[in-house]
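Architecture and fold: a report
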Amino acid sequence: MAEPSLILASTEQGVSHLQLNRPDKKNALTEAMYNELSAKVREADRDETVGAIVLSGAGDCFTTGNDILDFRERVQDPAPRPSAGLDFIEQLMNCETPVIAAVKGLAIGIGTTLLMHCDFVVAARSAIFRTPFVDLGLCPEAASSFLMPLMVGYRKASELLLLGEALDADTALRCDLVNRVVEDEALEATALEMARSLAAKPRESVLLSKALMRRAWAARVKDTLEFERDHFGERLKSEDCQTALARFLERGK
Ligand code: COA
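Residues numbered from 1 in each chain as written. Predicted model: local features only at pLDDT ≥ 70, side-chain atom pairs only at ≥ 80, totals over all residues. Heavy atoms only, no water.

Time to look at the environment of Glu 73. With respect to the helices and strands, Glu 73 occurs in helix α2 (residues 68-76). Considered as a pair, Glu 73 and Lys 253 are 180 residues apart in the sequence and their alpha carbons are 19 Å apart. (Helix = DSSP H or I, 4+ residues; strand = E, 2+ residues; numbered from the N terminus.)

The structure is reproduced here in structure tokens:
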């Protein structure tokens, strides 16, 4: 029997719904998943019948971030590979169509930083946001060192990016990381309804308005993404990071 796709995609009533589908691994993102997501976002963005994109996770969480084994393999590969995760972030950055993230359970690492490139975030009551980069010997990525303080304020950004503290859904709402909090059972329906209402509006006007809102900081975001990229690559090779990755991979052995 064919393996189920790791990214489920459907389009209905002008809404493209992309779902991370690796629930047994808490939707941890592999290189192949990022590549597929990039292709699906690009395809949806080019489709003139699509007025909004919804991004969600199958199972009990959104995503626990980059697959740790993938991180380790990337470092061990003698031929340097571009980061498929950051390619995906660039695809989101360049996406003209509004993107709505529907987050339940854990949103760790890039699971939180990708939200800064979405236009709306609907959180389920169970949502937990964490960016434990420092604890892993890493540093912020996906332009989050610029976007996080901009969106949630420097104080809250320090709690997330330096202390690696977890935010629950209500705190995330209070600091503007998310637009609204709903019960878990209502999450997808709420995000899809929001997407359908966007898709019903004049498309050119929605796309133009999104572009205008992002214009002021677009160059800064791109610059930060590039600046962080090299630092993050270096930190991945560091002893602190290798020790932290090994600790996770060797748990319970
Ligand atoms: N990369 C690779 N595998 C992951 C993963 C990740 N980011 N997150 C979860 N998984 C896997 C686990 O290894 C486990 O696989 P197994 O059943 O084959 O052992 C499975 O998903 C279920 O996760 P588990 O760790 O058993 O669940 P838990 O509830 O005990 O713990 C977390 C959940 C999120 C606390 C823990 O999985 C974790 O710390 N993950 C890493 C998060 C992270 O650091 N991400 C990178 C940020 S930059």
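Extensive coverage of strand β4 (residues 99-103) is indicated by the burial of five of its five residues. As paired elements, strand β3 (residues 52-57) and β4 share three bridges and run parallel to each other. Residue Val 54 lies in a different strand from β4, and its bridge partner there is Ile 100. Here β4 runs beside strand β6 (residues 120-124); their pairing, made up of four bridges, is parallel. Each residue of the ladder has a partner; that of Val 103, found in β6, is Ala 123. (Buried < 20%, exposed > 50% of the residue type's maximum accessible area, 1.4 Å probe, protein only. Pairing = 2+ DSSP bridges.)

Along the chain, Glu 228 falls in helix α9 (residues 203-237). Put simply, Glu 228 is tucked away with no salt bridge, and the nearest opposite charge, on Arg 229, sits 8.9 Å away. Side-chain polar atoms of Glu 228 contact the backbone nitrogen of Ala 142, separated by 3.2 Å. Setting aside its immediate chain neighbours within four residues, Glu 228 contacts Pro 140, Glu 141, Ala 142, Ala 143, Ser 144, Ser 145 and Phe 146. (Lys, Arg positive; Asp, Glu negative; His and termini not counted. Salt bridge = Lys/Arg side-chain N within 4 Å of Asp/Glu carboxyl O. Polar contact = N/O pair within 3.5 Å; in protein donor to acceptor, adjacent residues only side chain to side chain. Contact = heavy atoms within 4.5 Å.)

For the rest of this paragraph, the subject is the pairing of β3. A large share of β3 lies buried, amounting to six of its six residues. Burial of β3 is two-sided: the residues Ala 52, Val 54 and Ser 56 facing one way and the residues Ile 53, Leu 55 and Gly 57 facing the other way are all buried. Across six bridges, strand β2 (residues 15-20) lies against β3 in parallel orientation. Among the inter-strand pairings, Leu 18 is bridged to a residue of β3, identified as Leu 55. Note on the crossover from β2 through helix α1 (residues 31-46) to β3: the handedness is right-handed. (Right-handed = clockwise from strand over helix to strand, strands pointing away.)

This paragraph deals with unusual backbone geometry. Phi at Gln 13 is positive, roughly 50°, even though this residue is not glycine. Its location among the elements puts Gln 13 in the loop between β1 (7-12) and β2. Looking at Gln 13, the relative accessible area reads 58%, which means it is exposed. Phi is positive for Ala 143, which is not a glycine, with a value near 65°. For Ala 143, the location among the structural elements is in the loop between β7 (128-130) and α5 (144-152).

Our focus in this paragraph is the site of the ligand. Around the ligand, 15 residues are found, and the nearest of them are Lys 25, Thr 64, Asn 66, Ile 68 and Arg 251. Lys 25 is positioned such that a nitrogen or oxygen atom in its side chain is 2.4 Å from an oxygen atom of the ligand. Ile 68 places a main-chain nitrogen or oxygen 2.9 Å from a nitrogen atom of the ligand. A breakdown of the residues in the shell around the ligand according to their chemical character gives seven nonpolar, three polar and five charged. (Near = heavy atom within 4 Å. Nonpolar A, V, L, I, M, F, W, Y, C, P; charged D, E, K, R; others polar.)

Next up on the list: the nonpolar core. Counting 61 residues, the largest nonpolar core has Val 103, Leu 114, Phe 129 and Leu 177 as the members making the most contacts within it. Top contributing element to this core by residue count: helix α3 (residues 84-94), with six residues. Those residues in contact with Leu 114 that sit more than four places away from it in its chain are Leu 55, Phe 62, Phe 88, Ile 89 and Leu 92. Counting residues in hydrophobic clusters, the runner-up holds 15 residues, among them Val 54, Val 182, Leu 192 and Met 194. (Core = buried A, V, L, I, M, F, W, Y, C linked by side-chain atoms within 4.5 Å.)

Any functional reading would require information that these geometric values do not contain.
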